[in-house]
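Each chain, letter by letter, is given below.
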Amino acid sequence: MKIAVSGASGLIGGALIRALRESGHDFGRLMRRAPRNPGELEWRPERGLAEPAEIQGFDALVHLAGESVAGGRWTSERRRRIRSSRIPSTLRLVESLSTIERPPRVFVCASAVGYYGDRGDELLDEDSPAGGGFLASVCRDWEAAAATAATVCERVVILRFGVVLSAGGGALPRMLTPFRLGLGGRLGSGRQYFPWIHLDDAVAAIRRLLEQGEGPVNLTAPEPVTNADLTRALARTLRRPAVFPVPRPALLAAFGAMARETLLASARVVPARLLSDGFAYCHPTLDSALRHEL
């Protein structure tokens, strides 16, 4: 296949590019600047593709780009950037595809399990409704923008990512320092569910969905775990104590709504569609994933 990828310099995009190269697929990188190397295509989030005709002949477009939601307190400016990096940019990208004679057959767009909001112990699959809060509204509107590609492409796939675990980047390295110092502990009560997936499984799932599948798909591990489960698993793997919980009021004081909707929110998400399609996980358990990475 010939696949274009936005967000190719990120943790997931970079791993996907490496996997595509190793498998003999051809790929192009969507860059927010003028092309400097072969295989680069210029796009701007506010304008779409600079030269839409350059994407003709591609089989699929995987859209992963978006401002990080975990980079700190959600000021009004950060909220604006989080939304504008996802919703208008996706609409502009689809508009670019609509101007060419042979657009990609498959449009794959990132989203997140933040779509479900804070739902306690409720079991959530792809048919569960959206939740409330800023992050849920961003995911809902982002998915709606991606769905407009159905008028242009044969299939649209929405990737609802859990937290992607990799020692090479993302959330896991930020967790490790306090645990390695013996200062780790649960966040708040620790009872909140923590939806996660290993990077290798996330990439394998995307590759599978490029070939088959449609609609929203939860990219999470098959066994939901809580923050307390994560704390114990990290402590076991690193052979360190984890006896310093971070109280909920301290997290709210430091990070405000970002903590309430990410660190303290509970989403007991199951990957019903991947499981029903027989997807085989490399790392179905948290202990397996952490041992592999650490």
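Whatever comes next refers back to the structure up there.
Definitions and limits used
Residues numbered from 1 in each chain as written. Predicted model: local features only at pLDDT ≥ 70, side-chain atom pairs only at ≥ 80, totals over all residues. Heavy atoms only, no water. Axes fitted to C-alpha atoms, helices over the stretch in contact; angles between N-to-C directions. Helix = DSSP H or I, 4+ residues; strand = E, 2+ residues; numbered from the N terminus. Parallel < 35°, antiparallel > 145°, perpendicular 65-115°, else oblique. Contact = heavy atoms within 4.5 Å. Nonpolar A, V, L, I, M, F, W, Y, C, P; charged D, E, K, R; others polar. Buried < 20%, exposed > 50% of the residue type's maximum accessible area, 1.4 Å probe, protein only. Lys, Arg positive; Asp, Glu negative; His and termini not counted. Salt bridge = Lys/Arg side-chain N within 4 Å of Asp/Glu carboxyl O. Polar contact = N/O pair within 3.5 Å; in protein donor to acceptor, adjacent residues only side chain to side chain. Pairing = 2+ DSSP bridges. Left-handed = near helix turned anticlockwise from the far one by under 90°. Core = buried A, V, L, I, M, F, W, Y, C linked by side-chain atoms within 4.5 Å. Phe/Tyr/Trp six-rings, centres within 6.5 Å; stacked < 30°, edge-to-face > 60°. Lys NZ or Arg CZ within 6 Å of the ring centre and 35° of its normal.

Novice: Go over the packing of helix α3 (residues 87–97) against helix α4 (residues 134–147), please, and point to the residues and values.
Specialist: One can describe the packing of α3 onto α4 by two numbers: an axis separation of 8 Å at closest approach and a directional angle of 5 degrees. Taken together, the axis directions place α3 and α4 in an arrangement best described as roughly parallel. When α3 is examined against α4, the residues Ile87, Thr90, Leu91 and Val94 are found in contact with a partner set consisting of Val138, Asp141, Trp142, Ala145 and Ala146. By residue class, the composition of the contact of α3 with α4 is 7 nonpolar, 1 polar and 1 charged.

Novice: Account for the side chain of Arg86, naming residues and giving values.
Specialist: Looking at the secondary structure, you find Arg86 in the loop between α2 (76–84) and α3. Nearest to the buried, unbridged Arg86 among oppositely charged side chains is Glu67, at 6.7 Å. In this structure the side chain of Arg86 is engaged in a polar contact, spanning 3.2 Å, whose partner is the backbone oxygen of Ile82. Beyond its immediate stretch of four places on either side in the chain, Arg86 contacts Gly66, Glu67, Val69, Val138 and Trp142.

Novice: How would you summarise the sheet that holds strand β3 (residues 40–44) if you had to cite specific residues and measurements?
Specialist: Read from one edge of the open sheet, 8 strands run β4-β3-β2-β1-β5-β6-β8-β12, paired in mixed fashion. Of all strands in the sheet, those with a lone pairing partner are β4 (48–49) and β12 (215–219), marking the two edges. Bridge count for strand β8 (residues 155–161) against β12 is 5 bridges, and the pairing is parallel. When the bridges of β12 are listed, Val157 appears paired with Gly215. Docked against the sheet, α4 engages β5 (60–63), β6 (106–112) and β8, running at close to 175 degrees with respect to β6.

Novice: Account for the packing of α2 against α4, with residues named and values stated.
Specialist: Where α2 meets α4, the closest approach of the two axes is 10 Å, and the angle between their N-to-C directions is 25 degrees. Considered as vectors, α2 and α4 are oriented roughly parallel to each other. Crossing angle aside, the handedness with which α2 passes α4 is right-handed. Listed contacts from α4 to Arg79, Ile82 and Arg83 of α2 are Phe134, Ser137, Val138 and Asp141. Across the contact of α2 with α4, the residue classes break down as 3 nonpolar, 1 polar and 3 charged.

Novice: Could you give an account of the pairing of β3, naming the residues involved and the relevant values?
Specialist: Among the 5 residues in β3, 4 count as buried, and that is most of the element. With 3 bridges connecting them, strand β2 (residues 26–31) and β3 associate as parallel partners. The residue bridging Met31 from the neighbouring strand is Glu42, located in β3. Summarising the sheet, β3 and β4 pair through 2 bridges and their orientation is antiparallel.

Novice: Lay out the nonpolar core in plain terms, naming residues and giving numbers.
Specialist: In summary, soluble globular proteins display a tendency toward joint burial of nonpolar side chains. One finds Val5, Ile55, Val62, Phe107, Leu159, Phe161 and Leu219 to be the most contacted residues of the largest nonpolar core, which totals 56 residues. In terms of residue count, helix α6 (residues 199–211) provides more of this core than any other element does, 7 residues in total. Ranked by size, the runner-up nonpolar core spans 17 residues in total, among them Phe179, Ala233, Leu234 and Leu238.

Novice: Please set out the side chain of Gln192 residue by residue, giving values where relevant.
Specialist: With respect to the element layout, Gln192 can be found in the loop between α5 (171–180) and β10 (193–194). Of note is the side chain of Gln192, whose polar atom sits 3.2 Å from the backbone nitrogen of Gly190.

Novice: So, the pairing of β8: which residues are in play, and what are the values?
Specialist: Taking burial as the measure, the 7 residues of β8 include 7 buried ones, the bulk of the element. Side chains Arg155, Val157, Leu159 and Phe161 project from β8 onto one buried face, and the interleaved Val156, Ile158 and Arg160 project onto a second face that is buried too. Two elements, β6 and β8, share 7 bridges in a ladder whose sense is parallel. Its bridge partner lying in β8, Ser111 is registered against Arg160.

Novice: Pulling in residues and values, what's your account of the packing of aromatic side chains?
Specialist: A ring pair, where both rings are aromatic, is described by two values, the distance of the centres and the angle of the planes. Following the criterion strictly, the structure yields 3 aromatic pairs and no others. Between Phe279 and Tyr281, the aromatic rings sit 4.9 Å apart at their centres with planes inclined by 85 degrees, giving edge-to-face as the arrangement. Assessed through its relative accessible area of 14%, Tyr281 is described here as buried. Over the ring of Phe134 we find Arg79, and its NZ or CZ is 4.8 Å from the ring centre.

None of this, on its own, says anything about what the molecule does.
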